[in-house]
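# Chain and residue survey
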Amino acid sequence: MTNKRITKGLLCLSMALGLFASCYEDKGNYDYISEDDAAGVVLGSLEGATVKANEVLKIEPQMKGGEGDNFSYLWYTLSSGSYNVKKDTLSQERELNVPINLKEGKYTLYYQVTNKSNGVFRSVVAPLTVTATDITSGWYVMKEISGGTDFDYYSLDGKKTVNDFLTSSLGMEPMKGSPVGMVFLDASYSHEEEGADGKVTKETGLSAFHIMSSQDFITLNGSDFSLLKNLQQEFYETPSNINFSHLFIDSSLRDQGYTTDYCYLINNGKVHTMGSEIGKWGYQGAGDYELYPTLVLGYFGEFAYDMKNQMIVNCSTDGEVSNAQTFFGSDFTDFKDKDMQVSAVVPHIGGFSAEFYVVAKSGEDGKYYVADVSTFPPYVYQAEFYEYAADSPLNQAKIVASPQTASVIYYAVDNKLYMHKVTTSEDTVVKTFAEGENISFIKNFTGTDKDGESFNNIVVVTNTTTGYQVYQFPMVGSAGELKTDVSPSMSGTGKASYLMFRQE
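Residues numbered from 1 in each chain as written. Predicted model: local features only at pLDDT ≥ 70, side-chain atom pairs only at ≥ 80, totals over all residues. Heavy atoms only, no water.

Examined against the element boundaries, asparagine 309 turns out to sit in the loop between strand 20 (302–306) and strand 21 (311–315). When its relative accessible area of 32% is taken as the criterion, asparagine 309 is described as partly exposed. In this view, asparagine 309 contacts Asp288, Tyr289 and Lys336; residues no more than four positions away in its chain are not counted. (Helix = DSSP H or I, 4+ residues; strand = E, 2+ residues; numbered from the N terminus. Buried < 20%, exposed > 50% of the residue type's maximum accessible area, 1.4 Å probe, protein only. Contact = heavy atoms within 4.5 Å.)

Another point: the sheet that holds strand 16 (residues 227–229). Read from one edge of the open sheet, 4 strands run 13-14-15-16, paired in antiparallel fashion. On the outer flanks of this sheet lie strand 13 (179–194) and strand 16, each paired with one strand and no other. The mean inter-strand angle of the sheet, taken between neighbouring strand axes irrespective of direction, is 40°. Taken together, the 11 bridges between strand 13 and strand 14 (residues 200–213) define a ladder with antiparallel strand orientation. Within the sheet, the bridge partner assigned to phenylalanine 184 lies in strand 14 and is phenylalanine 209. (Pairing = 2+ DSSP bridges. Axes fitted to C-alpha atoms, helices over the stretch in contact; angles between N-to-C directions.)

With that settled, consider the sheet that holds strand 22 (residues 321–323). With antiparallel pairing, 3 strands are arranged side by side in an open sheet as 20-21-22. The open sheet terminates on both sides in strands that have one partner only, identified here as strand 20 and strand 22. Ignoring which end each strand starts from, the neighbouring axes of this sheet average 40° apart. Two strands pair when backbone bridges link them, and strand 21 and strand 22 are joined in this way by 3 bridges, in the antiparallel orientation. Bridge pairing links cysteine 315 to valine 321 in strand 22.

What follows is about the packing of aromatic side chains. Tallying each qualifying case throughout the model produces 31 aromatic pairs. With a centroid separation of 6.1 Å and an interplanar angle of 85°, the aromatic rings of tyrosine 369 and phenylalanine 385 are classed as edge-to-face. Highlighted residues: tyrosine 369 in strand 25 (residues 368–376) and phenylalanine 385 in strand 26 (residues 379–388), separated in sequence by 16 residues. Residue classification places phenylalanine 385 among the partly exposed residues on the basis of a relative accessible area of 23%. Through successive ring pairs, a cluster of aromatic residues spans Tyr140, Phe151, Tyr153, Phe165, Phe184, Phe209 and Phe225. Sitting above the plane of the tyrosine 76 ring, lysine 87 keeps its charged end 4.3 Å from the centroid. Between lysine 270 and the ring centre of tyrosine 289, over which it is positioned, the NZ or CZ distance is 4.2 Å. (Phe/Tyr/Trp six-rings, centres within 6.5 Å; stacked < 30°, edge-to-face > 60°. Lys NZ or Arg CZ within 6 Å of the ring centre and 35° of its normal.)

This is the structure in structure tokens:
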């Protein structure tokens, strides 16, 4: 039996060799071409590259042939890690010329050219290193564009501008809804991520951007603008009804040596909080209340106004909402007694000597007041009420702000910027913009400019049918006067309504 099997095996082998020899001998009877000829392209080597995150990388490949509609092109990267290797397509054009929307790290860059007629392709590889973005210090302007919300970036030195950052640089869809706010967390954010293998990794001490619109929320990595969380990942339990109205960061504890930033948001009048050790937003603060969409900075907790119960309240770092108290342990009830109909809460001074203004109409006597509220967190010290005229344009204002260095309120009515002196109740027009150029944002910003000079400016954003303009009005003296004969410092397309300043 064994000899028969061996004989049979040798016979098969000799037949196979004979067939192979026949094919080889008949070589001239067939059309044989090289793989390079079949591909129709010869690629040269690809040099390694280093690029900052979200910067445009341009590469013109060295190649012969490979042109025309008969060829397709593919640029992609593979992460260099041993596990959870991820493929990212960069472009399908012959030459690479796109922003590199990748996390910081090392990658392998691939370029592939395919002959569509026969499927034969040629490819080359090279190392790619992505470093931190240079989109850092400067001005971030949130705006409405077609389909939702995006933002523009202007560097502090004036040398760099990026328009429609989310859509043009990151390739994202616009955020749903209209702009609400943006905050930057410096090395105090925690993030957990589950890999393809089910393993959860946690990163701490990250820098991050929270960006909020009325109907959406995302968190981006502050070093490379990679997406950390979308709306459905932000909360332990995503609210069933989304109507975001305020985003707030408290970094005041850093002055005392802490490394924690506490963040707050208001959704449908309810507060949610997030600390650095969590990385997600907690459950809404319990209680039957409705917060005015402004929080006032106070150490170890913020002040707010409960419109439903007509009370000043404290919002703690764990999301608890409680009636603000006096030094003597009793509830501060001045506003409830006056049955105030509040139209604005205006932060004035934050911290240990937190102060804010409340613009309201009394339900008792029908008169209009600005209440100057002084505190010693978490206590309310007192409220002084200053009556003002019923026909004051302040009663029409929707956009309000106050500086820390003067007892005034700046406010807008259409294209006019007003100043209201709190103690004298005097209203004056500070600046009248062109007809149809209406004010959408006012805020007092302090910092250091590109020349190292300190500034204390009232920044105003206006909109027309063609786009927005940003004005920076220096404060003059201590009575709230402004230098308004300045040209716009920034301008762009879309309808802007929020501005964040970031200083390294």
